[in-house]
Amino acid sequence: MAWLLVVVAGILETGFAVCLKLSHGFTRLFPTIAFAAFALGSFGLLTLALRRLDVGPAYAVWTGIGAAGTAIYGMVFLGDVVSTLKLVSISLVIVGIIGLQLSGSAH
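Rules and cut-offs
- Residues numbered from 1 in each chain as written.
- Predicted model: local features only at pLDDT ≥ 70, side-chain atom pairs only at ≥ 80, totals over all residues.
- Heavy atoms only, no water.
- Phe/Tyr/Trp six-rings, centres within 6.5 Å; stacked < 30°, edge-to-face > 60°.
- Helix = DSSP H or I, 4+ residues; strand = E, 2+ residues; numbered from the N terminus.
- Buried < 20%, exposed > 50% of the residue type's maximum accessible area, 1.4 Å probe, protein only.
- UniProt positions renumbered as here; feature names shortened; annotations may be inferred.
- Polar contact = N/O pair within 3.5 Å; in protein donor to acceptor, adjacent residues only side chain to side chain.
- Contact = heavy atoms within 4.5 Å.
- pLDDT = per-residue confidence, 0-100.

Asks: Is there a simple way to think about the packing of aromatic side chains in this case?
Replies: Here a ring pair, both rings aromatic, is described through the centre-centre distance and the interplanar angle of the planes. In the structure shown here, the tally under the stated rule is six aromatic pairs. Relative to W62, the ring of F43 has its centre 5.5 Å away and its plane inclined at 55°; by these criteria the two rings are tilted. With F43 in helix α2 (residues 29-49) and W62 in helix α3 (residues 55-77), the pair connects residues that are 19 residues apart, well separated along the chain. By relative accessible area, F43 is classed as partly exposed at 42%. You can call W62 buried: its relative accessible area is 4%. Considering the side-chain rings of Y59 and W62, the 5.5 Å spacing of their centres and the 45° angle between planes classify their relative orientation as tilted.

Laid out in structure tokens, this is it:
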């Protein structure tokens with residue numbers, strides 16, 4: 001259950017990163033509110049998960065999901081440049097996330 005919280009928190013991290021860009025420096029109301037909601041949800045779920053998980057693997061999985069998710073979202077929806085190197089690098093991040101998740105121990 002704790003790992004599920006980390007995964008959902010990582011997905012919410014993607015949401016707050018995208019909303020941060022869309023807020024244009026917190027000058028647009030809806031993306032700014034969405035950023036705050038995603039950020040609070042993400043940090044809240046990560047905090048709950050850390051009650052049972054080691055901080056290193058959990059934090060790395062959280063940030064990895066957020067980074068990979070944000071990069072993928074940017075390429076698909078925001079017109080970010082797509083390159084072979086970028087896709088290979090995202091794949092390596094995902095492989096690392098899986099490895100860290102498998103290595104993480106619960107208390």
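Asks: Honestly, the UniProt feature "transmembrane region" (unreviewed entry) in the protein in this entry has me stumped. Any pointers?
Replies: UniProt marks residues 33-50, 57-78 and 84-102 with the feature "transmembrane region" (unreviewed entry), using the numbering shown here. What you have in residues 33-50 is 94% helix and 0% strand, and the ends, taken at the C-alpha atoms, are 26 Å apart.

Asks: Honestly, the side chain of S23 in this entry has me stumped. Any pointers?
Replies: Assignment of secondary structure puts S23 in the loop between α1 (2-22) and α2. For S23, the side chain forms a polar contact with the main-chain oxygen of L20, separated by 2.8 Å. Once residues within four sequence positions are removed from consideration, S23 is found in contact with R28, P31 and T32.

Asks: Would you explain the environment of F35 in this entry?
Replies: Within the secondary structure, F35 sits in helix α2. Each residue touching F35, except ones within four places of it in the same chain, is listed here: F16, C19, L20 and F26.

Asks: Could you clarify how one ought to interpret unusual backbone geometry in this entry?
Replies: Among all residues except glycine, the phi angle is most often negative; among peptide bonds, the trans geometry is most common. In this structure, H24 takes a positive phi of about 50° despite not being glycine. Residue position: H24 is located in the loop between α1 and α2. Positive phi is not limited to glycine here, since F26 has a value of about 60°. Within the element layout of this structure, F26 appears in the loop between α1 and α2.

Asks: Just to check I follow, could you spell out the confidence of the model for the protein for this structure?
Replies: Low-pLDDT stretches of the model should not have their predicted coordinates read in fine detail. Per-residue pLDDT for the protein has a mean of 94; in total, 96% of the residues score no lower than 70. Of all helices and strands in the protein, the one with the weakest mean pLDDT is helix α4 (residues 84-103) (91), whereas α2 scores best (98).

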